[in-house]
Amino acid sequence: MSDLLHRPTLALGQRPKVLEVSRVAKVFNGNVTALRDMSLTVNEGDFISLLGPSGCGKSTALRLIAGLSNPTTGRILWQGGQGRDDLGVVFQEPTLMPWATVAENVWLPFRLRGKTYPQVRGEVEEALSLVGLSGFLNAYPRELSGGMKMRVSIARALVTNPRLILMDEPFAALDEITRHKLNTDLLALKANIGCTVIFVTHSVFESVFLSDRIVVMAARPGRVIEEVQITAPYPRDEAFRTSADYAAHCQVTSRALHAAMGEAA
Amino acid sequence: MTMADTPLTRAEAEVDAEEARRARAARTESVAKWVLPALVFVIMVVLWDRLVVWNDIPHYILPGPGLVMQTLVKDWPILFEALLVTLQITLMALAVAVIGGVGLAILFNQSRFAEMSFYPYAVILQVTPVVSIAPLIFIYVDNRTVGLLLCAWIVAFFPILANTTLGLNSTDHNLRDLFRIYGATRWQRLRFLQLPSALPYFLGGLRIAGGLSLIGAIVAEYVAGTGGIGSGLAFRILEAGYRLNIPRMFAALLLIAASGVVIFAGLSFLSHMLLRKWHESAIKRET
Ligand SMILES: Nc1ncnc2c1ncn2[C@@H]1O[C@H](COP(=O)(O)OP(=O)(O)OP(=O)(O)O)[C@@H](O)[C@H]1O
Ligand SMILES: [Mg+2]
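Predicted, not measured: the structure shown is a model, and the values here were computed from it.

Novice: I'm lost on the domain arrangement of chain A in this one. Help?
Specialist: You'll often see interface size given as the accessible area lost when the parts meet. All names here are of chain A. On domain assignment, one finds that chain A holds domain 1 (28–82 + 164–176 + 183–265) and domain 2 (96–162). Computed over C-alpha atoms only, the centres of domain 1 and domain 2 are separated by 26 Å. Each partner contributes to the interface: domain 1 provides 11 residues, whereas domain 2 provides 10 residues. With both chains or domains summed, domain 1 and domain 2 bury close to 870 Å², and 76% of this area falls on carbon and sulfur atoms. Of all residues in domain 1, the largest losses of buried area upon contact with domain 2 belong to Ile165, Leu189 and Ile193, amounting jointly to 44% of the total for that side. Taken together, domain 1 and domain 2 are joined by 1 salt bridge. Note that Asp185 is salt-bridged to Arg151, the shortest N-O span being 3.0 Å.

Structural data, given as structure tokens:
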């Protein structure tokens, strides 16, 4: 593990703020309120899940944070400069360039910043080894399984060692076995490099397993209902999935979600 | 034990039989793909030959296949020279069509206003039959080669323009977002995202344009009409027609058709080589 990909983990109180979403709303075409009055503080090292039914504005929130669209009202404040340049993103589809090899795909964020491959070979190879794909540098995406493609996508998101990684339902299209494996690996990865993650999901179980905070949202109009704290300590492994602690947190989260949906209906 | 085993074995045997059948079918198909057209070809040639012989058709009406081949060999110096002229125009027109088509596609893609202003005229140029423009071109353009080239280009550039434009606009929207997040410049987006995405579309257009530039070259030669040294296959056909040299007409026709096939095959091969590593069209699946 190089120093480059490592951030020291600090206790909660000392963690610097990464970003502050303050009373943000997004209205499309002047009449569709995709998101209303959302506030969220993201601290370094957080793993935050946005959980809610389809159409509650999860992707919209992520796109606003990524700077792909601008809030109608409210503000998104990045602490300590850098901001949007210092971001990694993983979409629901692997979103790889089919004409490029795995290594070239992971090189992309650097390439767009004017770095040649030899300059960043170390980072690219390390990111791929972190996701367990060291042997596939020269493979083309079509030669990989769905789960492996997703790993490449994750490697690409973290190769620049960004302050914040945004993930929009990255594992939704995968089978459950692969999803569980990637969940565990993602947590190990996060512990390893100490990044900050905002994770969008439909799944109560996935969000409880991964997060330290779950933002429960409701639809029509999209809004935040509740923030659920998952107090279970990291590291969490497969054993955690069958623990009573996990079940209890799932129950609380599930109730919050149903309350949110009931309110919307 | 036996109760549990038997159905399983039978199922396996069934799958194996099916697999074997599929493998056999695939093998048959790969052979038939070549044998059947060859067989049709042989039958047609024999039929043609018999038709001529049995009906005593004179060679100035319909020459037999043997005579056509003889003429091809006998007139080879004239026909080969003409072939080279036609091929030269065709390939030059194709090259200019690629440059013009891709260039315009990139221009249109980069500037909406350029597209709005000029795309309709590209369409008009395409839908106007080249035979009707060609005489005018040969009035205004003194140089015969340039005139021929222009005609062939008008026919050939549009599929490249249309396909490349479509390809440049068919990038994955998530990849586009990703490029935006990483602060890609316009040039980077074009170079690393749009051009590779457009490649399969461009190659599809290129294959069509290859055939069209041959057609364009031939049509332009018909219209240009002037003979002598440096005239192409189309002129040789016209000339032979005036002299009722029907066998030579057939021989020239044979050469044109063969050129078309070679151009198409060459471009298909090029396309396969460029895409075989990553594109779905170049991948052989089991089923
Ligand atoms: N570009 C857009 N133009 C108009 N309306 C939009 C646009 N993007 C999103 N919306 C609307 O905003 C609302 C929230 O959409 P969003 O994609 O954020 O939901 P989501 O929570 O991500 O849903 P899902 O779980 O299905 O992905 C939806 O009602 C959607 O129709
Ligand atoms: Mg979404």
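Novice: When you look at the packing of helix H2 (residues 65–74) of chain B against helix H10 (residues 246–275) of chain B in this model, what are you seeing that I'm missing?
Specialist: All names here are of chain B. Running from N to C, H2 and H10 cross one another at 75°; their axes reach a closest spacing of 8 Å. Between H2 and H10, the interaxial angle falls into the category roughly perpendicular. Across from Leu67, Val68, Met69, Thr71 and Leu72 in H2, the residues of H10 making contact are Pro247, Arg248, Phe250, Ala251, Leu254 and Leu255. Class assignment for the residues of the contact of H2 with H10 results in 9 nonpolar, 1 polar and 1 charged.

Novice: Could you clarify how one ought to interpret the packing of helix H7 (residues 173–181) of chain B against helix H8 (residues 186–224) of chain B in this entry?
Specialist: Residues and elements named next belong to chain B. Following both chains from N to C, one finds H7 and H8 inclined at 145°, their axes separated by 11 Å at the closest point. Crossing geometry of H7 relative to H8 is assigned as right-handed. In this structure, H7 uses Leu175, Arg176 and Phe179 to contact H8, whose residues at the interface are Gln188, Arg189, Phe192 and Leu193. In terms of residue class, the contact of H7 with H8 is made up of 4 nonpolar, 1 polar and 2 charged.

Novice: Even after reading the chapter, I still don't get the site of ligand 1, so can you show me in this structure?
Specialist: Residues and elements named next belong to chain A. Taken together, Phe28, Asn29, Ala34, Ser54, Gly55, Cys56, Gly57, Lys58, Ser59, Thr60, Glu169 and His202 are the residues near ligand 1. In the environment of ligand 1, an oxygen atom lies 2.5 Å from a nitrogen or oxygen atom belonging to the side chain of Thr60. Between ligand 1 and the protein, one listed contact pairs an oxygen atom with a side-chain N or O atom of His202 at 3.0 Å. Surface burial for ligand 1 is 62%, taken as the share of its 630 Å² of free accessible area covered by protein chains. For the shell around ligand 1, the element with the most residues is helix H1 (residues 58–65), which contributes 3 residues. Of the residues belonging to the shell around ligand 1, the class tally is 3 nonpolar, 7 polar and 2 charged.

Novice: Help me out: how do you make sense of H8(B) in this one?
Specialist: Since the α-helix turns once every 3.6 residues, residues separated by three or four places project in the same direction. All names here are of chain B. With 39 residues, H8 ought to run about 57 Å at 1.5 Å a step, yet its terminal C-alpha atoms sit only 44 Å apart, falling short of that. Leu199 marks where H8 bends most, by close to 45°; the proline Pro200 follows one to four residues later. Backbone geometry just after H8 places Gly225 at a positive phi near 70°.

Novice: Explain the domain arrangement of chain B to me, please; I cannot follow it from the model alone.
Specialist: Once the domains are mapped, chain B shows domain 1 (2–54) and domain 2 (65–282). Distance between the C-alpha centres of domain 1 of chain B and domain 2 of chain B: 37 Å.

Novice: Looking at this structure, I do not really get the pattern of salt bridges. What am I missing?
Specialist: Note that side chains of opposite charge can pair when their charged atoms are close. Summed over the entire model, instances satisfying the criterion amount to 17 salt bridges over all chains. Note that Arg213(A) and Asp46(A) form a salt bridge whose closest N and O atoms lie 2.7 Å from each other. Of this pair, Arg213(A) sits in strand S8 (residues 213–218) while Asp46(A) sits in the loop between strand S2 (32–43) and strand S3 (47–51); the two residues are 167 residues apart in sequence, bridging distant segments of the chain. The pair Arg213(A) / Asp46(A) is uniform in exposure class, with both members buried. Notably, a salt bridge pairs Arg112(B) with Glu115(B), separated by 3.1 Å at the nearest N-O pair. Residue Arg112(B) and its partner Glu115(B) are both found in helix H4 (residues 112–127); the two are separated by 3 residues, about one turn of the helix. Salt bridges sharing common partners tie together Lys74(B), Asp75(B), Arg236(B), Glu239(B), Arg243(B) and Arg248(B).

Procedures and definitions
Along each chain, the written sequence defines residue order, and numbers are assigned to residues from 1. Labels are handed out in written order, letters beginning with A for the chains and numbers beginning with 1 for the ligands. Residues qualify for local features only when their pLDDT is at least 70, as the model is predicted, and side-chain atom pairs are given and counted only at 80 or more; totals for whole chains, interfaces and linings, by contrast, use all residues. Calculated side-chain values reflect all of the structure's heavy atoms, with hydrogen atoms and water omitted. Each domain's limits were defined by an automated method or a database of domain assignments. In what follows, residue pairs with any heavy atoms lying within 4.5 Å of each other are defined as contacts. Accessible surface is computed with a 1.4 Å probe, and the buried area is the amount of it that two parts give up when combined, taken over both parts together. Any Lys or Arg side-chain nitrogen located within 4 Å of an Asp or Glu carboxyl oxygen qualifies as a salt bridge. As a rule, the C-alpha atoms of each element are fitted with a line to give its axis, helices using only the stretch in contact, and angles between N-to-C directions run from 0 to 180 degrees. Numbering goes from the N terminus for both helices and strands, where a helix is a DSSP run of H or I of at least four residues and a strand is a run of E of at least two. Between 65 and 115 degrees an angle is taken as roughly perpendicular, under 35 as roughly parallel, over 145 as roughly antiparallel, and anywhere else as oblique. Gly is placed with the polar residues, together with every amino acid not listed as nonpolar (Ala, Val, Leu, Ile, Met, Phe, Trp, Tyr, Cys and Pro) or charged (Asp, Glu, Lys and Arg). By definition, turning the near helix anticlockwise from the far helix through less than a right angle yields a left-handed crossing, and turning it clockwise yields a right-handed one. For each residue, the test is whether any non-hydrogen atom lies within 4 Å of the molecule or strand; if one does, the residue is near. Counted as a polar contact is a pair of N or O atoms within 3.5 Å, where, for protein atoms, one must be capable of donating a hydrogen and the other of accepting one, and residues adjacent in sequence contribute only when both atoms are in side chains. The accessible surface values rely on the Shrake-Rupley method and a 1.4 Å probe; as for residues, cover is taken only from the protein chains in view. To estimate how far a helix should extend, the number of its residues minus one is multiplied by 1.5 Å. Fitting axes to the seven residues ending at a residue and to the seven starting there, one defines the bend at that residue as the angle between these axes. Burial status follows relative accessibility: with a 1.4 Å probe on protein chains alone, a residue under 20% of its type maximum counts as buried, one over 50% as exposed, and anything between as partly exposed.

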